[in-house]
Amino acid sequence: MARLIRLLWLIALATMVSVPIGANEPSILLIAHPDVDTHRLTRDTTRAVFAMRQRTWPNGQAVRVFVLPNDHPVHARFAKERLSVYPHQLQLAWDRMVFSGTGQAPNRVGSQPEMLERIASTPGALGYLEREYLDDRVQVIAMD
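The shown structure was predicted, so the numbers you read here are calculated from the model rather than taken from an experiment.

Under the counting rule described, the total for this entry stands at three aromatic pairs. A centroid spacing of 6.0 Å and a plane angle of 50 degrees characterise the contact between F50 and Y128, whose relative ring orientation is tilted. With F50 in helix 2 (residues 43-50) and Y128 in strand 5 (residues 125-130), this pair connects stretches of sequence that are 78 residues apart. Aromatic side chains F78 and Y128 sit 4.1 Å apart centroid to centroid with 10 degrees between the ring planes, which places their arrangement in the stacked category. Pair noted here: F78 is in helix 3 (residues 73-82) and Y128 is in strand 5, with a separation of 50 residues, a long-range link. When sorted by exposure, F78 lands in the same class as Y128, which is buried.

Next up on the list: the pairing of strand 3 (residues 64-67). In this sheet, strand 5 lies alongside strand 3 in parallel orientation, the contact comprising two bridges. Among the inter-strand pairings, V65 is bridged to a residue of strand 5, identified as L126. As paired elements, strand 3 and strand 4 (residues 107-108) share two bridges and run parallel to each other. Among the inter-strand pairings, V67 is bridged to a residue of strand 4, identified as R108.

Take the sheet that holds strand 2 (residues 40-41) next. Here we have six strands laid out as an open sheet, ordered 2-6-1-5-3-4, and mixed in their pairing. Single-partner strands in this sheet number two, and they are strand 2 and strand 4. In the sheet, strand 1 (residues 28-32) pairs with strand 5 via five bridges, with the strands oriented antiparallel. Its bridge partner being in strand 5, I28 is matched across the sheet by E130.

What follows covers the environment of Q112. Looking at the element boundaries, Q112 is found in helix 5 (residues 112-121). Judged by relative accessible area, which is 4%, Q112 ranks as buried. Between the alpha carbons of Q112 and E132 there is a distance of 10.0 Å; along the sequence they are 20 residues apart. Those residues in contact with Q112 that lie beyond four places of it in its chain are L68, H72, V74, L129, E130 and Y133.

What the rule picks out here adds up to seven salt bridges. Put simply, R77 and E130 hold a salt bridge, and the shortest N to O gap is 3.1 Å. Of this pair, R77 sits in helix 3 while E130 is found in strand 5, placing the two residues 53 residues apart along the sequence. You can call E130 buried: its relative accessible area is 14%. E114 is the salt-bridge partner of R118, the closest N and O atoms lying 3.9 Å from each other. In this pair, R118 and E114 are both assigned in helix 5, four residues apart and thus about one turn of the helix distant.

The next point concerns helix 3. Regarding helix 3, the residues found buried are V74, H75, A76, F78, A79 and R82. S84 occupies a position one or two residues after helix 3 and carries a positive phi of about 60 degrees.

So, about unusual backbone geometry. Here M52, not a glycine, exhibits a phi torsion of approximately 70 degrees, which is positive. Positionally, M52 belongs in the loop between helix 2 and strand 3. On the basis of relative accessibility, which here comes to 10%, the residue M52 falls in the buried class.

How each quantity is defined
Residues numbered from 1 in each chain as written. Predicted model: local features only at pLDDT ≥ 70, side-chain atom pairs only at ≥ 80, totals over all residues. Heavy atoms only, no water. Phe/Tyr/Trp six-rings, centres within 6.5 Å; stacked < 30°, edge-to-face > 60°. Helix = DSSP H or I, 4+ residues; strand = E, 2+ residues; numbered from the N terminus. Buried < 20%, exposed > 50% of the residue type's maximum accessible area, 1.4 Å probe, protein only. Pairing = 2+ DSSP bridges. Contact = heavy atoms within 4.5 Å. Salt bridge = Lys/Arg side-chain N within 4 Å of Asp/Glu carboxyl O.

Written out as structure tokens, the structure is:
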């Protein structure tokens, strides 16, 4: 009996260790320039902004969208996990707008440190980062 209790205790301990604290929190965050008044976006609105269909914040300020390269793993995860689209679908939407003359593609950055720098220094900017790159020069935008 004591052996069974010890075994169950070890299984419970192993289970607690294998589930990270905050596992429900996204590892890729939506970030904006500190002057942006909006602090929460729905998934549909976020998708419209990143597809370049919505070009302004609710207060009328222009949104300046920044993205990582299509082949960057964080871009792929952001598109799939947070926007529920594939990166190639975003690229098709951008290409369609550019080639039809009805819009433009988002601003591309080469790395997450560059993303942080550009968001922090561009009024109205919106982008995304992994949590470990975040600092107090930008604000996190919650996503429903």
